[in-house]
Amino acid sequence: MKNPTDLTPQDLSALIASRICHDLIGPIGAIVNGLELLEMTGTAPGPEFQLISDSAQGASAKLRFFRIAFGAPGEQMVPGSDITTTLKEMAHEGRVSYVWRPEGAQPRSDVKLAFLAILCLEAALPRGGEIEVSVAEGVWTVTARAERIAVDPGLWSWLDDQGERVVPAPARIQYLLLPAAADQIGRQIEARQDEAGPSIRF
């Protein structure tokens, strides 16, 4: 356990992200549960009810995703069912679908890197597509596939260390966080672009 004076700015930002997501998951989860209870009363839900329900479920899934992606890595295992459920709910009515190949529970630190890689690849899919996550012999690969792929060279350079880097907008902060998070646990990011689509390995 680190002493407070030993915490880096990255440690502090991860703890803050974890705290914010933790505090918001509760009330949004309560909204989702409340909507489910209303539905059980037999009242025919209208389009406004469905809109609120979909929005609440999507927000809950995003918060669970962000809590891992931006939060403290930790040493605990993340159940595979939790990961696939979160990704399925995020993909509902979205432009991006996700294929999660790793089986069973996975180390939170590895899932964190995979989620940050997903966010980097999402930014390269302006019209949506598919992102696949796989692991073989300890090496993780996150690959994007789509009819149209638009990789920003200035942001991608944070991952492949090629070309001139640009400071990302807040919505693209994952490009800075991914290599930093990988370095923190002794992993190295390898980013590629080929005919199969852009991919990130670690």
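This report concerns the structure included in the present document. Remember, it's a predicted structure, so these values are computed and weren't measured experimentally.

Here we take up helix H5 (residues 153-160). Along H5, the positions that sit buried rather than exposed are Gly-154, Leu-155, Trp-156, Ser-157 and Leu-159. Buried positions along H5 lie against helix H4 (108-122), helix H6 (174-184), strand E6 (190-194) and strand E7 (197-201). If you check the start of H5, you find a side-chain oxygen 2.9 Å away from the backbone N of Gly-154, and it comes from Asp-152.

End to end, helix H3 (residues 80-91) covers 17 Å across 12 residues, agreeing with the expected 16 Å (1.5 Å per residue, within 8%). The set of residues buried in H3 consists of Gly-80, Ile-83, Thr-86, Leu-87 and Met-90. In a view along the axis of H3, the buried residues occupy a sector of 135 degrees, so they form one face of it. Packing partners of the buried residues in H3 comprise helix H2 (47-70), strand E1 (77-78), strand E2 (96-100) and H4. Just downstream of H3, Glu-93 is the residue with a positive phi angle, here 60 degrees.

This part is about the environment of Phe-115. Following the sequence through the fold, Phe-115 ends up in helix H4. With relative accessibility at 1%, the residue Phe-115 sits in the buried group. Considered as a pair, Phe-115 and Ala-69 are 46 residues apart in the sequence and their alpha carbons are 5.3 Å apart.

Scoring rules and cut-offs
Residues numbered from 1 in each chain as written. Predicted model: local features only at pLDDT ≥ 70, side-chain atom pairs only at ≥ 80, totals over all residues. Heavy atoms only, no water. Buried < 20%, exposed > 50% of the residue type's maximum accessible area, 1.4 Å probe, protein only. Helix = DSSP H or I, 4+ residues; strand = E, 2+ residues; numbered from the N terminus. Contact = heavy atoms within 4.5 Å. Polar contact = N/O pair within 3.5 Å; in protein donor to acceptor, adjacent residues only side chain to side chain. Expected span 1.5 Å × (residues − 1). Arc of directions from axis to C-beta.

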